[in-house]
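One-letter residues, chain by chain:
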Amino acid sequence: MSTPRGALQLDLLTDLSSQVIARLGQPVSVVCCFEAGRDGFWLHRSRLAHGVDCHVIEPASILVNRRARRAKTDRLDTEGMLRLLAAWSGGDHQVCSMVRVPSPEAEDARRPHREREHLVQERTRYENRILALLATQGIRQRPSLRTWDRDLAALRAGDGRPLPPLLARELDRLRRRLVLTMELIRELDGERDGALEAAPQDTDNQKIVTLRRIRGIGENFAAVLVREVLYRSFANRKQLASYVGLTPTPFQSGSIDRDRRIGRAGNTRARTTLIQLAWLWLRYQPDSELAGWFRRRVGALEGRTRRIAIVALARKLLIALWRYTETSQVPDGVVLRAA
């Protein structure tokens, strides 16, 4: 049986630290780092458990030479990360960004809504594929899943012919995959509701229940916002918006001083959810102060101006919901669901 990779790396660190201690004659502290990627955070937790100070570097924050085509080898990458680690350990925390590693429980709690997101994408792909195949025969309406066999047999192509037998079989296989995907989505929704009922005193579960009291915020939106963003503590609203990537990028040069588009350096999933929620907010909370601000700012304008304003509304909405979950301060004009 082969030795695990983590154990081999720990043995190497132990040997190197022993050599340094023998050379210096005094104990030393071991610090290591690696780039965030497909390995996740198990390596970080393994190093901490063995007394090694470990950091996870955000790859996008590493500065590179842009003068010409950059050489890419493992040796050059290792040397570059060692220079970053030395600068970070020396107190220069602007040289790169380190990832805040979540606890195993917080990381595992994110899996249901992330899996649900992938399943919803699969459901949309199957539905679009069925519609596309039917459109090749001049049919614009999908048969009902409840009465699929009867409706499929009654379909006729645009020229009056029945559906080709091989196409009908392919459609039936797509229908079965679609039904299975919808069942898995319902199963995840049931597990999510069961987890809330099983641990009502959990802080994150209480925040989810609190958000669900607001009209227009459903179970999935509340779970995404809490599990991806609001599980953390933030010092101020600027730090909160920066984490999600909704802060504008400043541009100052000479007499020019303005803000450009948002940085998009934060949590992509949370940012997408907030923008979707901002559009729903205008529909379900039209009398709120935030919806009134949007109408006063945009008026009857359409197109790009409206899309820019909805991002600003998403930022304001995030801050308002953060205050609501932390201090129970209901945003102005918001309608709550009955208890």
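Further up the page is the structure itself.
Each chain has its residues counted from 1, following the order in which its sequence is written. Restriction of local features to residues with pLDDT of at least 70 applies here, the model being predicted, together with a cutoff of 80 or more for giving and counting side-chain atom pairs; totals for whole chains, interfaces and linings are based on all residues. Only hydrogens and water are set aside when side-chain values are computed; all heavy atoms of the structure are taken into account.

Undergrad: What should I look at first to understand the packing of helix α10 (residues 237-244) against helix α13 (residues 304-327) in this one?
TA: How two helices sit against one another is set out by the angle between their axes and by the gap between those axes. Under this scheme, a helix contributes an axis fitted over its contacting stretch, all axes are lines through C-alpha atoms, and angles between N-to-C directions fall in the 0 to 180 degree range. Secondary structure elements follow DSSP: runs of H or I of four or more residues count as helices, runs of E of two or more count as strands, with numbering from the N terminus. At a closest axis distance of 10 Å, the pairing of α10 and α13 adopts a crossing angle of 120°. The angle between α10 and α13 falls in the class oblique. Read as a crossing pair, α10 and α13 show a hand that is right-handed. Residues R237, K238, L240, A241 and V244 of α10 touch α13, and the partners they reach there are R315, L318, I319, W322 and R323. All residues other than Ala, Val, Leu, Ile, Met, Phe, Trp, Tyr, Cys, Pro, Asp, Glu, Lys and Arg, Gly among them, are scored as polar; the first ten of these are nonpolar and the last four charged. Looking at side-chain class alone, the contact of α10 with α13 contains six nonpolar, no polar and four charged residues. Our angle categories are set so that under 35 degrees counts as roughly parallel, over 145 as roughly antiparallel, 65 to 115 as roughly perpendicular, and the remainder as oblique. With the far helix as reference, a near helix turned anticlockwise by less than a right angle produces a left-handed crossing, and one turned clockwise produces a right-handed crossing. Only heavy atoms matter for contacts: two residues are in contact if any of them lie within 4.5 Å across the pair.

Undergrad: How should the layout of surface pockets be read in this particular structure?
TA: Take a probe with the size of a water molecule and roll it over the atoms, and the empty space left behind shows itself. As defined here, a cavity is a set of points on a 1 Å grid over the protein atoms alone where a 1.4 Å probe fits but cannot get out. A pocket is an open set with protein on both sides within 12 Å along at least five of seven lines, and residues line them when an atom is within 4 Å of a point. Grid points are joined across faces, edges and corners, and a volume is the space filled by probe spheres set on the points. The volume enclosed by the largest pocket comes to roughly 1200 Å³. In terms of lining, the largest pocket is formed by 36 residues, of which the most central are E58, V99, Y243, A265 and G266. At the level of elements, α5 (111-135), α10, β3 (248-253) and α11 (268-284) are the ones that each hand at least two residues to the lining of the largest pocket. In terms of residue class, the lining of the largest pocket is made up of 12 nonpolar, 14 polar and 10 charged.

Undergrad: Even after reading the chapter, I still don't get the pairing of strand β2 (residues 53-57), so can you show me in this structure?
TA: Successive side chains on a regular strand alternate, one facing one side of the sheet and the next facing the other. Using a 1.4 Å probe on the protein chains alone, a residue whose accessible area is under 20% of its type maximum counts as buried, one over 50% counts as exposed, and one in between counts as partly exposed. With four of five residues buried, β2 lies mostly within the body of the structure. Sheet analysis places strand β1 (residues 31-35) next to β2, joined by five bridges and oriented parallel. Looking across to β2, one finds that F34 is bridged to V56. If you view a crossover with the strands going away from you and the path from the first strand over the helix to the second runs clockwise, you call it right-handed. As a crossover connection, the stretch from β1 through helix α2 (residues 42-49) into β2 is right-handed. Only strands joined by at least two bridges in the DSSP assignment are considered to pair.

Undergrad: What exactly am I supposed to notice about the nonpolar core here?
TA: Take the buried residues of types Ala, Val, Leu, Ile, Met, Phe, Trp, Tyr and Cys, join any two whose side-chain atoms come within 4.5 Å, and each joined set is a nonpolar core. If you look at the biggest cluster of nonpolar residues, it comprises 44 residues, and the most contacted ones within it are L211, I217 and V229. For this core, the secondary structure elements donating two or more residues are α8 (203-212), α9 (219-230), α10, α11, α12 (289-298) and α13. Considering every element that reaches this core, the biggest residue donor is α13, with 12 residues. When near neighbours in sequence (up to four residues on either side) are disregarded, L211 contacts I217, A222, L225, V226, L230, L321, Y324 and T325. Formed by 14 residues, the second largest nonpolar core is a distinct cluster that contains L133, W148, L163 and A168.

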